[in-house]
Amino acid sequence: MSSSKFPADFDLQRQAFPGDDTPERSAPEDTGLQNQSGANAPWLDRPTCPEEYRRLRLCLDSLSDREILEGYRILRDEKVPRAEGWYYPNVRILHGTAFEREKDRREQKIWSEAHDESEVARWYREAREKPCAWWVENHIIARHALTSCMSCGVCTSLCPAAEFFDYNPRTIMEIVQEKDEQTLVELLRSDTIWYCYQCASCKVKCPRQNSPFGMLSSLRQLSQLKGYHVHSIRGRQQVAARHLWGGNLWNRACSLYYRDSHPETHRDFGPRHETLYRSIEIAFRQVGACPDMSGSLSARKIHPETLQEVRRLWHAGGALFLWQMIDEAAARGAVEDGLTIDEYHDKAKTEG
Ligand code: SF4
Ligand code: SF4
């Protein structure tokens, strides 16, 4: 990344917006400002019943691309001065809303149409038409993940997912080695491939240098490319993951927006997280971070130039193409279930 492209007043190290004060530390208390900024916009509502979902969708569909993109940008950039710098109250309001997801879908479509399809996306497009066995032999991660499994079971014995679910990485490696198309399709349509925590313990211990960890990540991509993921509960949840983590990456260049990692919905983070979350403002202050302010560290509101740079990577690496595949599969599922895409998303997110 060449620093010469940035304005002279852009502080690359702190990632602050040009002209903004760059605070040493940042920690706004919750003042209720969020409720005053943009909260009257109906497209920021979080619906709770089918009628509200329908109203929300009608409202979003009535907005042009420009209205959506500009409206989002204006809200996102609204800021108020605080003792320690600029505070952006709407970042929190926008996060995880149907409005943000709609903005992302449209923005990514515009982005994809404006840029040549990346080499990876072209390869994905061809690969989705081929048999699953072809993928296993040709996808670079799958190919490297499987040399020759001898069914020793070491991976399964130390796998944390195998302890809690009906899940066995050794069996998966056997299925992949056999390359039987029908069995592979059944595997891709099942919840099984989504149980892996991606901890990589199996990868480092396998005596044959196999990597169930890598294989699972490759099979997940294939499932999403072919649309098989919508046949399982965990698979359907990929639409929520694509918009939650993918939305954070697309809008904030960071997979977590830490304000919303509430212990009730993140029980897997454990009791220490619950303690930390209760005094989150103090924790932010201690590390000099804040999700809603200009400033340093990963929870910052990122500079637009940097965000553009990161977005180019999602495009080049094929993430945009995969996100589109997931959205298209979700749209088909919503039509089949007679739901709006927003209701389908929320249902998938809380299912199981
Ligand atoms: S540890 Fe390696 S060789 Fe053993 S079952 Fe697992 S993948 Fe196969
Ligand atoms: S990466 Fe997945 S398969 Fe491997 S040990 Fe961790 S949870 Fe198990």
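Our subject is the structure that appears above.
An account of the accompanying structure is given in this report. None of these values were measured; they are calculated from a predicted model. (Residues numbered from 1 in each chain as written. Chains lettered and ligands numbered in written order. Predicted model: local features only at pLDDT ≥ 70, side-chain atom pairs only at ≥ 80, totals over all residues. Heavy atoms only, no water.)

### Brief notes about the site of ligand 1
Here's step 1: Taken together, 13 residues lie around ligand 1, and Cys-149, Cys-152, Gly-153, Cys-155 and Cys-206 are the ones closest in.
Here's step 2: Looking at the shell around ligand 1, the elements that each hand over two or more residues are helix H8 (154-158) and helix H10 (169-178). (Near = heavy atom within 4 Å. Helix = DSSP H or I, 4+ residues; strand = E, 2+ residues; numbered from the N terminus.)

### Thoughts on the site of ligand 2
Here's step 1: Inspection of the region around ligand 2 gives 13 residues, with Cys-159, Cys-196, Cys-199, Ala-200 and Cys-202 positioned closest.
Here's step 2: Those elements giving two or more residues to the shell around ligand 2 turn out to be helix H9 (160-164) and helix H12 (201-205).
Here's step 3: Residues of the shell around ligand 2, tallied by class, amount to 11 nonpolar, two polar and no charged. (Nonpolar A, V, L, I, M, F, W, Y, C, P; charged D, E, K, R; others polar.)

### Remarks on the packing of H10 against helix H13 (residues 212-226)
Here's step 1: Between H10 and H13, the shortest axis-to-axis distance is 10 Å and the interhelical angle comes to 65 degrees. Here H10 and H13 pass one another in a crossing that is left-handed. Where H10 abuts H13, its residues Pro-169, Ile-172, Met-173 and Val-176 lie against Pro-212, Met-215, Leu-216 and Leu-219. (Axes fitted to C-alpha atoms, helices over the stretch in contact; angles between N-to-C directions. Left-handed = near helix turned anticlockwise from the far one by under 90°. Contact = heavy atoms within 4.5 Å.)

### Structural notes on the nonpolar core
In a soluble, globular protein the nonpolar side chains are often hidden away together inside.
Here's step 1: Ranked by internal contacts, the top residues of the largest apolar core, which has 35 residues, are Tyr-167, Val-176, Met-215 and Leu-219.
Here's step 2: Elements supplying a minimum of two residues to this core: helix H5 (119-127), helix H6 (132-138), helix H7 (140-145), H10, helix H11 (181-188), H13 and helix H19 (319-337).
Here's step 3: The greatest single-element share of this core, amounting to five residues, is contributed by H13.
Here's step 4: No fewer than three residues from each of domain 1 (34-114 + 237-350) and domain 2 (121-233) sit in this core.
Here's step 5: Not counting chain neighbours up to four residues away, the residues in contact with Val-176 comprise Val-136, Leu-146, Leu-184, Met-215 and Leu-219.
Here's step 6: Grouped together as the second largest cluster of nonpolar side chains are 11 residues, Leu-60, Ile-68, Leu-75 and Ile-93 included. (Core = buried A, V, L, I, M, F, W, Y, C linked by side-chain atoms within 4.5 Å. Buried < 20%, exposed > 50% of the residue type's maximum accessible area, 1.4 Å probe, protein only. Domains from an automatic or database assignment.)

### Section: the side chain of Ser-211
Here's step 1: In this structure, Ser-211 sits in the loop between H12 and H13.
Here's step 2: A polar atom in the side chain of Ser-211 sits 2.8 Å from the backbone nitrogen of Gly-214.
Here's step 3: Contacts of Ser-211, omitting those with residues within four sequence positions, involve Ala-145, Met-173 and Lys-203. (Polar contact = N/O pair within 3.5 Å; in protein donor to acceptor, adjacent residues only side chain to side chain.)

### Considerations on helix H15 (residues 238-252)
Turn by turn, an α-helix covers 3.6 residues, leaving residues three or four places apart pointing in a common direction.
Here's step 1: Its 15 residues place the ends of H15 19 Å apart at the C-alpha level, agreeing with the 21 Å of an ideal helix rising 1.5 Å per residue.
Here's step 2: For H15, the principal kink sits at Gly-246 and spans about 30 degrees.
Here's step 3: Where burial is concerned, most of H15 is hidden: 13 out of the 15 residues are buried.
Here's step 4: Following H15 by one or two positions, Ala-253 adopts a phi angle in the positive range, close to 55 degrees. (Expected span 1.5 Å × (residues − 1). Bend = angle between axes of the 7 residues up to and from the residue.)

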